[in-house]
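Secondary and tertiary structure notes
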Amino acid sequence: MKRLWELMKKQWRGYAIAISALLTAIIIDMYNPYFVGQIVDRVIMNGEMPYLKTALLALAAITIGRAILGYTKEYGFDVTSSKVIVNLRKKLFDQIQKLSFSFFDENNTGELMSRIKEDTENIMSAICYGIMLFLEQCIYFIIATVILFLINWKLTLICLVTMPLIEYVVFKLERKIGKTYEKISDQRAVLNTTAQQNIAGVRLVKAFGREKHEIQKFLQQNEENYKINYEQARTMAKYNPPIEFLSNVVLVLVISFGGYFVIGGDMSLGTLVAFSNYIFMLIWPMRMMGWLTNVLAQCLASIKKIEKIFNEEPLIKNCENPKEPEDIRGHVVFRNVGFEFGGTPVLKDINIDAGPGSTVAIMGITGAGKSSLINLIARYYDCTAGNVYFDGIDVRDMELSLLRNNVSAVMQDTFLFSDTIEENIRFGVVGITEEEFLAASRDAQVEEFVSQMPDGYSTVIGERGIGLSGGQKQRISIARALIRKSKVLIMDDSTSALDMGTEYAIQKAMDRRKGITRFIIAHRVSAVKNADEILYFENGEIVERGTHDELLGIRGRYYDTYCEQYRDYVAALEKEVV
Ligand code: GTP
Ligand code: MG
């Protein structure tokens with residue numbers, strides 16, 4: 001709330017202009033019934049024809065003035081509130097970007113999307129139309145009440161008696177509508193998620209021949225959506241006639257009692273006409289209050305949800321005086337490292353010493369903790385026991401962006417943006433020369449397939465562009481990591497979709513890039529056998545370690561994997577020996 005208020009305060013000029021226009025429009029609007037009343041009294045009743053021209057000119061001026069001021073008011077509120085929301089959304093997005101990996105494990109994308117979109121839109125409605133109409137209607141109500149009392153206090157009191165009734169029905173309606181609105185909003189989210197997941201996973205749906213089932217699922221939710229909307233329409237239909245009726249009762253009261261006063265000579269006919277016009281300035285605010293409180297309630301609920309994100313502290317951040325070593329070598333050490341996910345141990349007592357320029361390979365069955373291990377190097381997560389050192393400094397004491405800039409990771413799940421291949425590789429890194437860009441692309445074997453594309457590196461990929469094979473995507477992610485020229489390179493199962501030849505070519509290119517410490521997670525012996533040390537993981541522990549030859553020598557799990565993958569070759573060898 002405070003944050004929103006600060007953002008609104010920054011735009012005070014815009015609000016000041018809009019509110020001034022609003023006030024002026026109301027003031028001149030107040031003269032409208034007055035001149036109508038005067039026309040009745042002086043022109044129609046007394047035949048003062050020359051006055052008609054003055055009154056009509058005044059009414060025309062009021063209309064034009066109202067149109068101009070109305071435009072200024074709406075434009076002012078709209079533009080100013082949009083600026084507030086743009087800034088709020090920017091702050092929210094900045095905050096989300098700051099949060100740690102663990103936050104995204106707990107909050108799904110759909111929810112965060114609705115915070116950025118729907119909740120900010122709810123706030124926009126409140127600070128734009130909400131404030132504008134609330135101010136406008138309150139002022140109309142107050143001024144009109146004063147004028148009505150001044151014109152005829154008895155008639156005003158008679159009319160005011162019906163107001164609580166109108167208000168009662170209005171609030172009852174809004175409470176019901178508010179409830180169905182919540183249901184509609186939830187249902188819309190479900191419908192969106194179903195549609196979005198289906199469209200994103202359309203290939204899977206088709207491949208499994210599940211179209212009918214998915215259509216059925218969607219139709220069911222569409223039907224739900226229809227039902228809730230129908231319910232809302234029914235509520236509106238039920239409550240609107242009584243509100244209309246009560247509003248008209250007020251008019252009937254004005255005309256009946258007012259007529260009586262006119263006949264009795266206590267009031268002129270013109271004044272009665274003016275009175276009945278002013279009375280609408282009283283009824284409208286009453287009718288709108290329900291809607292306005294709903295808008296406000298929704299806005300408050302959205303603020304609360306957004307505040308929760310703003311109050312979220314990034315778990316991983318810089319320490320008080322982070323160290324910023326100038327000479328980075330890329331020496332990574334794990335000392336008695338343990339790691340837990342929500343109390344479940346994932347890594348136990350890990351000790352690794354990866355000297356600058358060395359290659360550590362990690363193998364092990366799925367779920368053994370391989371990705372969890374490499375996630376600790378650049379502090380995607382912090383270890384829960386022991387220490388991880390980078391060039392002799394505990395990673396928690398090192399300046400975070402410096403650390404992350406010196407560790408490049410090719411993640412297990414390839415993610416490419418719907419953009420050109422070049423932008424996907426450069427990924428916003430500045431100061432990269434064309435030669436460096438081409439060298440990274442060549443080393444990652446991207447050049448090989450891009451050179452055959454008519455648009456080359458400018459080819460747009462992803463949703464709006466062409467599709468790529470799994471291996472091609474992996475190669476782009478490798479190039480993205482290489483271009484950063486970091487001292488530490490992590491490759492998490494990132495050559496799994498490549499053929500042996502391409503994998504070998506990439507390995508050779510990597511070997512030429514001296515002085516880079518490499519962590520390679522792979523399932524294929526071919527990808528790890530040249531490493532300085534191979535670690536075999538099981539249940540979060542290193543159960544075997546050594547070079548390729550040493551591990552073959554102990555005939556353990558690595559040896560079994562080797563035999564599995566080279567069965568024919570081993571059999572042939574053994575035959576030869578016999
Ligand atoms: P593969 O990539 O399949 O070869 O496995 P891995 O060796 O990389 O396993 P990883 O390190 O990803 O996971 C190790 C263990 O941590 C598994 O038992 C997972 O269930 C668990 N784990 C991974 N990510 C999370 C998470 O976000 N939350 C929780 N609670 N557990 C997780
Ligand atoms: Mg993994």
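Just above sits the structure.
Here's a quick rundown of the structure. (Residues numbered from 1 in each chain as written. Chains lettered and ligands numbered in written order. Predicted model: local features only at pLDDT ≥ 70, side-chain atom pairs only at ≥ 80, totals over all residues. Heavy atoms only, no water.)

Ideal geometry at a metal gives 109.5 degrees between four tetrahedral donors and either 90 or 180 degrees between six octahedral ones. Here the magnesium ion (ligand 2) is held by the protein donor atoms Ser371 (OG) and Gln412 (OE1), which lie 1.9 to 2.2 Å from it. With Ser371 in helix α12 (residues 370–374) and Gln412 in the loop between β6 (407–410) and α14 (421–426), this residue pair connects regions lying 41 residues apart in the sequence. (Donors = N, O, S within 2.8 Å, 3.2 Å for Na, K, Ca; no water. Helix = DSSP H or I, 4+ residues; strand = E, 2+ residues; numbered from the N terminus.)

Where helix α6 (residues 109–151) meets helix α7 (residues 153–160), the axes come as close as 6 Å, and the angle between the chain directions of the two elements is 130°. With respect to α7, the axis of α6 lies oblique. Packed against α6, whose contacting residues are Leu148, Phe149 and Ile151, the element α7 presents Trp153, Thr156, Leu157 and Leu160 at the interface. Here the contact of α6 with α7 is composed, by residue class, of six nonpolar, one polar and no charged. (Axes fitted to C-alpha atoms, helices over the stretch in contact; angles between N-to-C directions. Parallel < 35°, antiparallel > 145°, perpendicular 65-115°, else oblique. Contact = heavy atoms within 4.5 Å. Nonpolar A, V, L, I, M, F, W, Y, C, P; charged D, E, K, R; others polar.)

Before going further, it helps to examine the packing of aromatic side chains. A complete count under the given rule lists 15 aromatic pairs for this structure. Aromatic pair Tyr71 and Tyr75: ring centres 5.8 Å apart, planes at 15°, arrangement stacked. Here Tyr71 pairs with Tyr75, and both are found in helix α4 (residues 49–98), just four residues apart, close to one helical turn. Using a relative accessible area of 56% as the deciding quantity, one classes Tyr71 as exposed. Judged by centre distance (5.1 Å) and plane angle (85°), the ring pair of Phe415 and Phe417 falls under edge-to-face. Members of the aromatic cluster, each reached through a chain of ring pairs, are Phe101, Phe339, Phe341, Tyr380 and Tyr381. (Phe/Tyr/Trp six-rings, centres within 6.5 Å; stacked < 30°, edge-to-face > 60°. Buried < 20%, exposed > 50% of the residue type's maximum accessible area, 1.4 Å probe, protein only.)

Before going further, it helps to examine unusual backbone geometry. Even without glycine at this site, Arg379 takes up a positive phi of about 60°. Here Arg379 is to be found in the loop between α12 and β4 (385–390). Of note in the backbone geometry, Asp493 takes a positive phi value of approximately 50° without being a glycine. You can see Asp493 is positioned in the loop between β7 (488–492) and α18 (500–512).

Moving on, we come to the pattern of salt bridges. Counted by the stated rule, this structure contains 27 salt bridges. Salt-bridge contacts for Lys90 lead to Asp94; the nearest nitrogen and oxygen are separated by 3.5 Å. Taken together, the residues Lys90 and Asp94, both in helix α4 and four residues apart, mark about one turn of the helix. You can call Asp94 partly exposed: its relative accessible area is 35%. The salt bridge involving Arg475 is made with Glu448; its shortest N-O contact spans 3.1 Å. A residue pair is termed long-range when its members are at least 10 positions apart, and Arg475 in helix α17 (residues 470–482) and Glu448 in helix α16 (residues 447–450) qualify at 27 residues. We classify Arg475 as buried; its relative accessible area is 10%. (Salt bridge = Lys/Arg side-chain N within 4 Å of Asp/Glu carboxyl O.)

What follows deals with the environment of Asp105. If you trace the backbone, Asp105 turns up in helix α5 (residues 101–106). Owing to a relative accessible area of 49%, Asp105 belongs among the partly exposed residues under this scheme. Not counting residues up to four positions away in its chain, the partners in contact with Asp105 are Phe341 and Tyr381.

A contiguous nonpolar patch, built from Met1, Leu296 and Leu300 and spanning about 300 Å² of accessible area, is present on the exposed surface. Position of Leu296 relative to the elements: it lies in helix α11 (residues 269–310). (Patch = residues over 30% accessible without salt bridge, like charges linked within 9 Å, V, L, I, M, F, W, Y side chains within 5 Å. Areas by Shrake-Rupley, 256 points an atom, 1.4 Å probe, with all protein chains shown as cover.)

Within strand β9 (residues 533–538), five of the six residues are buried, which leaves it mostly tucked inside the rest of the structure. Of the strand pairs in this sheet, strand β3 (residues 359–364) and β9 are connected by five bridges, and their pairing is parallel. Looking at β9, one finds that Ile362 is bridged to Leu535. Of the pairings in the sheet, the one linking β9 to strand β10 (residues 541–546) comprises five bridges and is antiparallel in character. In the sheet register, Glu538 faces β10, and the bridge partner there is Glu541. (Pairing = 2+ DSSP bridges.)

Another aspect to go through is the site of ligand 1. Taken together, Asp105, Phe341, Val346, Thr366, Gly367, Ala368, Gly369, Lys370, Ser371, Ser372, Gln412 and His523 make up the full set of residues adjacent to ligand 1. The contact in question runs from an oxygen atom of ligand 1 to an N or O atom on the side chain of Thr366, over 2.7 Å. Between an oxygen atom of ligand 1 and a side-chain N or O atom of Lys370, the distance comes to 2.7 Å. For the shell around ligand 1, the residue count by class is three nonpolar, seven polar and two charged. (Near = heavy atom within 4 Å. Polar contact = N/O pair within 3.5 Å; in protein donor to acceptor, adjacent residues only side chain to side chain.)

What follows is about a positive patch on the surface. On the surface, a cluster of positive charge is contributed by Lys172, Arg175, Lys176, Lys179, Arg234 and Lys238. Where the positive patch is concerned, the elements lending two or more residues are α8 (163–200) and α10 (211–263). Looking at the positive patch, the element that brings in the most residues is α8, giving four residues. As for its placement among the helices and strands, Arg234 is situated in helix α10. (Lys, Arg positive; Asp, Glu negative; His and termini not counted. Charge placed at Lys NZ, Arg CZ, Asp CG, Glu CD.)

Pairing is antiparallel across the open sheet formed by four strands, whose spatial order is β2-β1-β4-β5. Two strands in the sheet have a free side with no partner beyond their single neighbour: β2 (344–354) and β5 (393–394). The pairing of β4 with β5 spans two bridges and is classified as antiparallel. From the neighbouring strand, Phe390 faces β5, where its bridge partner is Ile393.

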